Amino acid sequence: MVFHNFDELIAHVKGQPSRARMAVAAAGDAHTIEAVLRARAEGIVTPILVGDKAVIDQVLAELGEHIPAEDIHDEPDLAEAARKAVALVRAGEADFLMKGKLDTSVLLKAVVNKETGLGKGGVMSHFTAFEIPTYHKLLMPVDGGMVTYPTLEQKKAIIENTVGALRAMGYDCPKVGVLACVEKLNPKMPETVEGDALKQMNQRGELTGCVVEGPISYDCAVSREIAAFKGFESPCAGDCDVLVAPNIHAGNIMGKMLTVTCKAKMAGFIVGARCPIVMTSRGSSAEEKYLSIVISAAAARNQ
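The rules we used
- Residues numbered from 1 in each chain as written.
- Predicted model: local features only at pLDDT ≥ 70, side-chain atom pairs only at ≥ 80, totals over all residues.
- Heavy atoms only, no water.
- Helix = DSSP H or I, 4+ residues; strand = E, 2+ residues; numbered from the N terminus.
- Rg over C-alpha atoms; globule rule 2.2 N^0.38 Å.
- Buried < 20%, exposed > 50% of the residue type's maximum accessible area, 1.4 Å probe, protein only.
- Domains from an automatic or database assignment.
- Contact = heavy atoms within 4.5 Å.
- Buried area = accessible area lost by both parts, 1.4 Å probe.
- Salt bridge = Lys/Arg side-chain N within 4 Å of Asp/Glu carboxyl O.
- Polar contact = N/O pair within 3.5 Å; in protein donor to acceptor, adjacent residues only side chain to side chain.
- Nonpolar A, V, L, I, M, F, W, Y, C, P; charged D, E, K, R; others polar.
- Axes fitted to C-alpha atoms, helices over the stretch in contact; angles between N-to-C directions.
- Parallel < 35°, antiparallel > 145°, perpendicular 65-115°, else oblique.
- Left-handed = near helix turned anticlockwise from the far one by under 90°.
- Phe/Tyr/Trp six-rings, centres within 6.5 Å; stacked < 30°, edge-to-face > 60°.
- Lys NZ or Arg CZ within 6 Å of the ring centre and 35° of its normal.

(A) Structural detail: the overall build of the chain. Secondary structure summary: the chain contains 11 helices and 11 strands in total. Against the 2.2 N^0.38 benchmark of 19 Å for 303 residues, the chain shows a C-alpha radius of gyration of 19 Å, consistent with a compact globule. When its C-alpha atoms are laid out on the principal axes, the chain stretches across 60 × 40 × 35 Å. In the chain, which comprises 303 residues, the share counted as buried stands at 52%.

Here it is in structure tokens:
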């Protein structure tokens with residue numbers, strides 16, 4: 001299975017027999033609640049809101065909506081709201097977690113707590129999906145939000161996290177491109193060395209459930225015509241699902257170029273924890289938050 005756009009993904013999630021349960025930490029802003037209510041109305045999630053109940057009730061009243069009292073946990077303190085939302089997941093009362101109106105660092109502190117958090121002892125990374133008008137399917141550039149300068153082993157973990165989420169969503173064998181500015185191994189360019197090393201790991205069976213190509217340039221990764229013109233042959237050429245950035249700056253710039261310049265739609269969440277964690281910016285639109293809920297719900301069902 002491959003999703004060509006978010007509409008296909010939404011239809012897939014709506015077709016599931018049950019709703020995913022989502023705990024929202026500090027659920028006090030209108031964009032977050034709008035996105036949550038839309039996902040609830042479409043049968044995608046059952047939300048549990050943790051935050052200042054007075055603020056939540058006011059937003060719901062302004063929107064003309066209602067959430068059962070038992071699904072609202074009154075906790076005005078942001079750090080405590082984060083801890084309570086994490087606790088709901090640990091207790092099995094929620095399938096995944098969403099960040100509301102609080103700093104990312106506050107939620108992550110609760111998530112990575114060794115005794116009460118959601119860590120699994122490995123690398124957590126940022127999963128992003130983009131619907132780009134000029135590309136034939138959803139594209140996942142990683143990691144532009146969590147791991148700053150990933151080592152070879154961290155890049156392996158980022159691929160495993162991303163592929164695991166995609167396979168949980170229904171993908172059979174995602175195609176992964178490890179990006180560099182050239183397609184050939186050059187000992188003077190560490191990005192090409194690591195790209196080749198990851199490809200070799202994949203071919204040896206150390207990195208499974210996907211096809212890895214590296215090093216590969218961005219143009220060869222997304223354009224069959226350019227790859228053919230350059231004489232670059234690979235099952236990933238022009239057909240990548242995942243693009244592994246050399247570092248957080250390249251990943252972040254690539255994502256912003258796609259959304260701002262190419263008018264792509266975006267969704268994102270944290271992978272590598274016990275459950276998906278919707279971690280959008282506080283300035284994200286209600287649509288981006290909604291799409292991030294949808295894709296997280298899809299990944300949460302089989303994880």
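Once you've had a look at it, read on.
(B) Quick peek at the domain arrangement of the chain. What the domain assignment lists for the chain is domain 1 (4-118 + 272-298) and domain 2 (123-263). A C-alpha centroid distance of 28 Å is found between domain 1 and domain 2. Across the contact, 14 residues belong to domain 1 and 13 residues belong to domain 2. Interface area for domain 1 against domain 2, summed over the two sides, is near 1,000 Å², with a carbon-plus-sulfur share of 71%. The interface formed by domain 1 and domain 2 includes 0 salt bridges. Remark: the boundary between domain 1 and domain 2 carries 2 residue pairs in polar contact (both at pLDDT 80 or more). At the level of elements, helix H1 (6-14), helix H5 (104-112) and helix H11 (286-300) are the ones that each hand at least two residues to the side of domain 1 that touches domain 2. Its residues assigned to classes, the side of domain 1 that touches domain 2 comprises 9 nonpolar, 4 polar and 1 charged.

(C) Here's a closer look at the packing of helix H4 (residues 78-90) against H5. The interhelical angle for the contact between H4 and H5, taken along N-to-C directions, is 40°, at an axis separation of 9 Å. Here H4 lies oblique to H5, going by the angle between them. When you trace H4 past H5, the crossing you get is right-handed. The segment H4 lies against H5, with Leu78, Ala79, Ala82, Arg83 and Val86 engaging Val106, Leu107, Ala110 and Val111. Partitioning the contact of H4 with H5 into residue classes produces 8 nonpolar, no polar and 1 charged.

(D) Broad picture of the packing of aromatic side chains. Overall, the coordinates contain 2 aromatic pairs when judged by the stated rule. With a centroid separation of 5.7 Å and an interplanar angle of 65°, the aromatic rings of Phe3 and Tyr171 are classed as edge-to-face. Of this pair, Phe3 sits in the segment before H1 while Tyr171 sits in the loop between helix H6 (152-169) and strand S7 (175-179), placing them 168 residues apart in sequence. The ring centre of Tyr290 lies 3.7 Å from the NZ or CZ of Arg38, which sits over that ring.

(E) Inspection of the environment of Ala87 at higher detail. With respect to the helices, strands and loops of the structure, Ala87 is situated in helix H4. A relative accessible area of 39% means that Ala87 is categorised as partly exposed. Residues Ala87 and Ala110, spaced 23 residues apart in sequence, show a C-alpha to C-alpha distance of 9.2 Å.

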